[in-house]
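Coordinate analysis (summary)
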Amino acid sequence: MSSGIHISLNAETLFHIGSLPVTNSMFTSLLVSLMLLIFAIIFRTKFNARSIRPTGIQNFAEWLVEVLFGLVHSVTGDLKKSRHFFPALSTFFLFIILNNWLGLIPGVGTIGITHQQETYEEVLASESEQTSFSEIIQPALAATEEVHGEAATGPSTTHSVFVPIFRPGTADLNTTFALSLISVFLIQYFGFKYLSFSYFKKFINFSNPINFYVGILETISEFARIISFAFRLFGNIFAGEVLIVVIAYLTKVLVPVPFYGLEIFVGFIQALVFTMLSLVFYNMATAKSH
Amino acid sequence: MNTDLAIGLLMGLGVVGPALAIGWIGSSGLSAIGRNPEASSKIQTAMILSIAFAEAIAIYLLVVALILKFV
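All of these numbers come straight from a predicted model, not from anything done at the bench.

Focus: the overall build of chain A
Along its length, chain A carries eight helices and four strands. Buried residues in chain A amount to 25% of all 290 residues. Partitioning the intrachain contacts of chain A with sequence separation of at least 6 by distance along the chain shows that 71% fall at a separation of at least 24.

Here you go:
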């Protein structure tokens, strides 16, 4: 059992606060938020608005802001809009890219705790009375964690579950779904802010049958955006994790290195894609229709 | 055993579309760069973005396959 690959589609619970289960991806995204916060605080203390030649952390932060603002401004072409969109978009970008890259650090996904899962075993033990044990344990184990489920070591009920402490937040569908919900909500918010009630003419329009039908399609596409945002990010990052685990399991040293390079690239591209798509959608929602 | 066949078919057949799309994007991007080499950095950015979108469709399949396999 210990030789198998550890792949779990959903984030595993580390501990409980009251009745709220804290999963490893929640823990890691909190860590990422903390890192960003600490960086901001350090920057704030070192910040000197009058320095002609900024050095060190101020240089880096100014470069970051400049590049991101340039990206936003190149699409909107309107300083007022850019100033409105910039905070949310840069937050998306930094949060996602840090989460993606955190998953590539050695130790993330391998350092963990093992604990016994009693409730799960009780279910197994009671079920094994009706059918043969090996038939039950194989799919049940495959469902929880194992790829190579050669675990039929007799009906012993001590089954230890390995739970990694760190798991990148974007490799959990809950996080990416929350991000995409925020992004799609912001589309509506900016659209309403810039066009007030005429924004909703896009969705509900009785002027003629074609416009009415187009409005229905627009409404559906708005919901499709939530799903496509969430699954694109989650799928890419989770597939990257699985790819690296499988390659590292099948081969020896040095072979996974190019895949690490690929995953660093994919992590950057996906953060950029999320940001750019949100930006284009905000820009489209705030543009005057004609 | 049925799900194994389903996963194989899903990935094998479903990946055809994104593969064609990525190939097409790459070829038209390269011909655009060949025609207008000064704009290569802009074209490259747009090309990589479009490839990411085409790839995302294959990733949807992969997610479905992983769900079939592990859930």
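Anyway, onward from the coordinates.
Concerning helix H1 (residues 24-46) of chain A
Residue and element names in this part refer to chain A. Helix length check: H1 (23 residues) gives 33 Å between terminal C-alpha atoms against 33 Å at 1.5 Å per residue, within 8%. The set of residues buried in H1 consists of Asn24, Ser25, Thr28, Ser29 and Val32. Those residues of H1 that are buried lie in contact with strand E1 (13-17), strand E2 (20-23), helix H3 (79-102), strand E4 (160-164) and helix H6 (173-195).

Describing the interface of chain A and chain B
Contacts between the two partners involve 12 residues from chain A and, on the opposite side, 12 residues from chain B. Only helix H5 (133-144), helix H7 (209-250) and helix H8 (257-286) of chain A provide two or more residues apiece to the side of chain A that touches chain B. Broken down by element, the residue count for the side of chain A that touches chain B peaks at five residues, all from H7 of chain A.

Digging into helix H1 (residues 2-14) of chain B
Over its 13 residues, H1 of chain B runs 18 Å from end to end, which matches the ideal 18 Å to within 8%, given 1.5 Å per residue. H1 of chain B sits mainly on the outside: zero of its 13 residues count as buried.

Brief notes about the confidence of the model for chain A
On average, residues of chain A score 80 in pLDDT, and 82% of them are at 70 or above. A low-confidence stretch, residues 119-156 of chain A (pLDDT under 50), is modelled with 37 contacts involving residues beyond four sequence positions or located in other chains.

Considering the packing of helix H2 (residues 16-35) of chain B against helix H3 (residues 40-70) of chain B
Residues and elements named next belong to chain B. Running from N to C, H2 and H3 point in directions that differ by 175 degrees, and their axes come no closer than 9 Å. In terms of their interaxial angle, H2 and H3 are classed as roughly antiparallel. Contact with H2, carried on its side by Gly17, Pro18, Ala21, Ile22, Ile25, Gly29, Ala32 and Ile33, involves Ser40, Ile43, Met47, Ser50, Ile51, Ala54, Glu55, Ile57 and Ala58 of H3 and no other residues of that element. Looking at the contact of H2 with H3 residue by residue, the class counts come to 12 nonpolar, four polar and one charged.

Quick word on the pairing of E1 of chain A
Residue and element names in this part refer to chain A. Where E1 and E2 come together, four bridges link them in antiparallel fashion. Paired with threonine 13 across the two strands is threonine 23, which belongs to E2. As consecutive antiparallel partners, E1 and E2 are separated by two residues, and within that stretch glycine 18 has a phi angle of approximately 65 degrees, a positive value.

Thoughts on the packing of H6 of chain A against H7 of chain A
Residue and element names in this part refer to chain A. Between H6 and H7, the shortest axis-to-axis distance is 8 Å and the interhelical angle comes to 140 degrees. Seen from above, H6 lies across H7 with right-handed handedness. Taken together, the residues of H7 that come into contact with H6 (itself represented by Leu173, Thr176, Phe177, Ser180, Leu181, Ser183 and Val184) are Glu222, Arg225, Ile226, Phe229, Ala230, Leu233 and Phe234. In terms of residue class, the contact of H6 with H7 is made up of nine nonpolar, three polar and two charged.

Conventions adopted
Residues numbered from 1 in each chain as written. Chains lettered and ligands numbered in written order. Predicted model: local features only at pLDDT ≥ 70, side-chain atom pairs only at ≥ 80, totals over all residues. Helix = DSSP H or I, 4+ residues; strand = E, 2+ residues; numbered from the N terminus. Buried ≥ 20, exposed ≤ 12 C-beta atoms within 10 Å, placed from the backbone. Contact = placed C-beta atoms within 7 Å. Expected span 1.5 Å × (residues − 1). pLDDT = per-residue confidence, 0-100. Axes fitted to C-alpha atoms, helices over the stretch in contact; angles between N-to-C directions. Parallel < 35°, antiparallel > 145°, perpendicular 65-115°, else oblique. Nonpolar A, V, L, I, M, F, W, Y, C, P; charged D, E, K, R; others polar. Pairing = 2+ DSSP bridges. Left-handed = near helix turned anticlockwise from the far one by under 90°.

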